[in-house]
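Residues per chain, in single letters:
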Amino acid sequence: MESDLGKFPQTLQEAIIYFGDSERAHAWAVRLRWPDGKITCPRCGHDQHSYISTRHLWFCKGCKKQFTVKVGTIFEDSPLGMDKWMMAIWLICNCKNGISSYEIAADLGISQKAAWHLLHRIRKAMESGSFKKK
């Protein structure tokens, strides 16, 4: 996957460096959420908005509400940053024998309970083929 975001990481070391940059992790989350590049409000579907880059949120001109890349997805209601989420997705997708919540907790520096919830949500998303919240 080549793009303006650079080469997608192929190794663990590359993934750590790549997703260690919160701006790049956020950009990948936006790409996953809106693969066609057309950002729409998750509440009303309106496509006219303004972006507040310092806070990584959009203001919908249709319903007059703010939204982030997390709204309406498996990432919603999670205090973890997109850097942790993107790294966890990379780990889960690239561990051919699977990965435990204990391993994710140790690798990301989060609690095992948080890692279990993160792993559960990512597996559900992989099962459904969508990051949208069900």
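Residues numbered from 1 in each chain as written. Predicted model: local features only at pLDDT ≥ 70, side-chain atom pairs only at ≥ 80, totals over all residues. Heavy atoms only, no water.

*Asks:* How would you sum up the sheet that holds strand 3 (residues 66-67)? Please name residues and give values.
*Replies:* Pairing is antiparallel in the open sheet, where three strands are placed in the order 1-2-3. Each end of this open sheet is capped by a strand with a single partner; those strands are strand 1 (49-52) and strand 3. Here strand 2 (residues 57-60) runs beside strand 3; their pairing, made up of two bridges, is antiparallel. Looking at the pairing, Phe59 lines up with Gln66 of strand 3. (Pairing = 2+ DSSP bridges. Helix = DSSP H or I, 4+ residues; strand = E, 2+ residues; numbered from the N terminus.)

*Asks:* Got a sec to walk through unusual backbone geometry? Specific residues and values, please.
*Replies:* Residue Lys64 is not a glycine yet carries a positive backbone phi of 60°. Residue classification places Lys64 among the exposed residues on the basis of a relative accessible area of 55%. Of note in this structure, Asp77 is not a glycine but carries a positive phi near 65°. Locating Asp77 in the fold gives a position in the loop between strand 3 and helix 3 (82-94). On the accessibility criterion, Asp77 (64% relative accessible area) is exposed. (Buried < 20%, exposed > 50% of the residue type's maximum accessible area, 1.4 Å probe, protein only.)

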